[in-house]
Structure formats: structure tokens, C-alpha cells
Amino acid sequence: MKLLSIAIPCYNSQDYMRHAIETLLAGGEDVEILVVNDGSKDKTADIAAEYQQKYPTIVRAINKENGGHGDAVMNGLKNATGLYFKVVDSDDWVDEECLKRVLAQLRAFTEQKEEIDMLICNYVYDKVGVKHKHVMQYRHAVPQNRVFDWNETRFKIGEYLLMHSVIYRTELLRGMGLQLPKHTFYVDNIFVYQPLPFVKTMYYMDLDLYRYFIGRADQSVNESVMVKRVDQQLRVTRHMIDCQDLDALKGEKKLRAYMLHYLSMMMAVSDIFLLLDGSAEAKEKQKGLWQYLREHTSTAVYRSIRFGFGGVTNLPFPKGDDIVLGGYRIARKLFKFN
């Protein structure tokens, strides 16, 4: 059995997928690289087949009808044989030496007959034209190099786990019934959020494993693209509102607090891109999202988000929208996140 299955969702990825695959090959026989061709119209399928032929015990080419990023991730999970599961987008890559160290740790867990539910590493915003890359690290939020649980976490506002930073135990994702909606962008937030109540044991390695590429004009995280696709962002946010009753987690205070902050962040992101749209229709959608939150959560959850971090992007006074967008642009320059 492989230690780690790595799914690479690919849609018309011929121009950059080779780099992602090449860096993952550093894992050798410990990894299974699942190149999921999501109905591409370019040479993605041919490149995947080429790597499968060259590395038949490591690379598997999977061809499917187009269903979107989330459907490709789910297809990778369905076909995974590894003990652990990670997603690497086709325009991103990993640090090869860091990958080897992660695999050594996973191997040690296996040899000690110990399982962890989630392994955490850092990721780097690798933005085109930016000399100093911003690193998202968690050394102040969680213990290092030992197994811990939610009671030992101390996440602050702004410290969030993304798909780039996590490796899940494969059977945890299957057992909790993870489902990602088809033909929808930004489902990586669901991928990392919905399984969290099932995560009991974690391990953090202070390694800059994942390189998150930002810079293509057509990229899903490009600001103008996100404004055009804001309805998909709203769909994901509503899914996250519905997928977990946060009041059921009152006995797990640290976990509940973290998930509450995460949902607040999603509300804030949705607000910002609706504000960037600036239309009357977008304003109505913003009101509708907050109404949806009110109707589908408890009063305590709603008030915590509305009058906490999530509400800072929905200021109910003149020039409030201008203040929010000004703050967003400052943060964008500082952290270079899109």
C-alpha cells in the first residue's frame, strides 16, 4: 500500500502540469500520483498517459467527463489506495526535500502502527513578480513535531488551514462522507472545513511544503475572475453554513471557535467580492447571504459572526463599503494573496 495518494485535478493544464508532476515524483514509490483529467480539450490526457507509461508504479492517469475541480478531487479520492491523501493543483508544486521529510514522518507513523487524522505543513504564496514570498506558517498556532488534538490549538483570526496545508487520512475522508459539489470553484474550502469535526489527532511539521502559484490572468483566484464567479463563492459559503451544526460542538470549544472563525472568513470573502462587483444586484445578494446565515444557524452563531470578524466587511453606515474595500486592498498588498 502507498503511503500517500496525491490527486492532481487537471483541466486544460498542458502548459504547467509537468512541473507539478515532476516535483511529486521525488516521493518515489511511497507516493501514488493520480492525474485526474477533467474532460480537458488540450493535450492534458496525452501528458498524463506519457507519465503513466514512464512511471507505471507511481503515476495513474484517470480520464473523466468534465465535472469541475471538486468532482476531480472526489474522483481522485475514490481511486486512492494510499493511507493518506493530498490534493495538489496542476499549476502548483511542492518542495521536493520537504516532501521527502513528510513521507519519512508518515512512514514512521506506519511503522509505529500509529495513525493521525491530519498532517499540517506550511504553504508559500508564489506570486509572479514578487521577490519576497509570503509564507503561511502555523508555528504559533499548534505544537510542532508531536501528535496533538484541538485542545492544544491556538489559532488566531487570519490563521486558517487551506487545502494547500493539509494531508488527511484517506479513510477519514471516505468515512465522514465528504462530497464536493460539481461544476463549482472554491470547493477547496469545503474540503478542508467539513471534515474537521472528525479530526481527533494532528501533527504539524514546520516545512514550506506547498508552493501556491498566483499570477495567471485566467486563474480562479484572480480578483476579476472571482468577481465574475461570485455566485460560486456564495454557493460554497452556503454549503459550509449547512454542512455542520456548530452548536453541536459546544463541548469542543477550540474546534468550535476555529470553525466559527473559518465561517466568518468565508462570509467576509463573499462580502468583499460582492462589494467589488458594486452593482445593486450584488448588494441584494449580500443581504441575501446574511439572511441565509440568520435562517440556517442559531442566534448565537449568527450574532458571533455578524458582530465579530465576519461583520467587519458589512459595515452599516455611510462610506462603510469604501472603508472595507480600502482595508482589503491594503491587506492584498501586504500578503499578496491574489
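Treat the numbers as computed from the prediction; the structure is a model and nothing was measured.

Turning to unusual backbone geometry, a few remarks are in order. Notably, His183 is not glycine yet its phi reads approximately 50 degrees, a positive angle. Mapping His183 onto the fold places it in the loop between α5 (170-175) and α6 (188-193). What makes His183 partly exposed here is its relative accessible area of 47%. In the Ramachandran plot, Tyr186 falls in the positive-phi region, its phi being about 70 degrees despite a non-glycine side chain. In this structure, Tyr186 sits in the loop between α5 and α6.

Moving on, we come to the pattern of salt bridges. The final tally for this structure, using the stated rule, is 18 salt bridges. Across the pair Lys64 and Asp38 runs a salt bridge whose closest N-O atoms are separated by 2.5 Å. Note that Lys64 is positioned in strand β3 (residues 59-64) and Asp38 in strand β2 (residues 31-38), a separation of 26 residues in sequence. Arg211 serves as the salt-bridge partner of Asp126, at 2.9 Å between the closest nitrogen and oxygen. Within this pair, whereas Asp126 is found in strand β6 (residues 118-127), its partner Arg211 is found in strand β10 (residues 202-214), the two being separated by 85 residues in sequence. Connected through salt bridges with shared partners, the residues Asp38, Lys64 and Asp71 form a single ionic network.

So, on to the pairing of β10. Along β10, ten of the 13 residues are buried, which leaves the element largely enclosed by surrounding structure. With two bridges joining them, strand β5 (residues 93-94) and β10 adopt antiparallel strand pairing. Looking at the pairing, Val94 lines up with Tyr210 of β10. Pairing of β6 with β10, which is carried by nine bridges, proceeds in the parallel orientation. Each residue of the ladder has a partner; that of Tyr125, found in β10, is Tyr212.

One way to put it is that helix α9 (residues 253-277) packs onto helix α10 (residues 280-296) with a least axis distance of 8 Å and a crossing angle of 165 degrees. Compared by their axis directions, α9 and α10 come out roughly antiparallel. Crossing angle aside, the handedness with which α9 passes α10 is left-handed. Residues Leu263, Met267, Ser270, Asp271, Leu274, Leu275 and Asp277 of α9 touch α10, and the partners they reach there are Ala282, Lys283, Lys285, Gln286, Leu289, Trp290 and Leu293. Class assignment of the residues belonging to the contact of α9 with α10 gives a composition of eight nonpolar, two polar and four charged.

As enumerated under the stated definition, the model contains zero disulfides in all. Its sulfur unpaired, Cys121 is 7.4 Å from the next cysteine sulfur, which belongs to Cys98. Residue classification places Cys121 among the buried positions, given a relative accessible area of 2%.

Right, let's get into the packing of aromatic side chains. Enumeration according to the criterion identifies 19 aromatic pairs in this entry. Between Tyr160 and Tyr258, the ring centres sit 6.4 Å apart and the planes meet at 50 degrees, which makes this aromatic pair tilted. Of this pair, Tyr160 sits in the loop between β8 (147-148) and β9 (166-169) while Tyr258 sits in helix α9; the two residues are 98 residues apart in sequence, bridging distant segments of the chain. Geometrically, the ring pair formed by Tyr258 and Tyr262 is edge-to-face, given 6.0 Å between the ring centres and 70 degrees between the ring planes. Separated by four residues within a single helix, Tyr258 and Tyr262 lie in helix α9, roughly one turn from each other. This pair shows no difference in class: Tyr258 is buried, exactly as Tyr262 is. An aromatic cluster of three or more residues is present, and its members are Tyr138, Trp150, Phe155, Tyr160, Tyr193, Tyr204, Tyr258 and Tyr262. If you follow Arg306 out to its NZ or CZ, it ends over the ring of Phe307, 5.9 Å from the centre.

How each quantity is defined
Residues numbered from 1 in each chain as written. Predicted model: local features only at pLDDT ≥ 70, side-chain atom pairs only at ≥ 80, totals over all residues. Heavy atoms only, no water. Helix = DSSP H or I, 4+ residues; strand = E, 2+ residues; numbered from the N terminus. Buried < 20%, exposed > 50% of the residue type's maximum accessible area, 1.4 Å probe, protein only. Salt bridge = Lys/Arg side-chain N within 4 Å of Asp/Glu carboxyl O. Pairing = 2+ DSSP bridges. Axes fitted to C-alpha atoms, helices over the stretch in contact; angles between N-to-C directions. Parallel < 35°, antiparallel > 145°, perpendicular 65-115°, else oblique. Left-handed = near helix turned anticlockwise from the far one by under 90°. Contact = heavy atoms within 4.5 Å. Nonpolar A, V, L, I, M, F, W, Y, C, P; charged D, E, K, R; others polar. Disulfide = S-S within 2.5 Å. Phe/Tyr/Trp six-rings, centres within 6.5 Å; stacked < 30°, edge-to-face > 60°. Lys NZ or Arg CZ within 6 Å of the ring centre and 35° of its normal.

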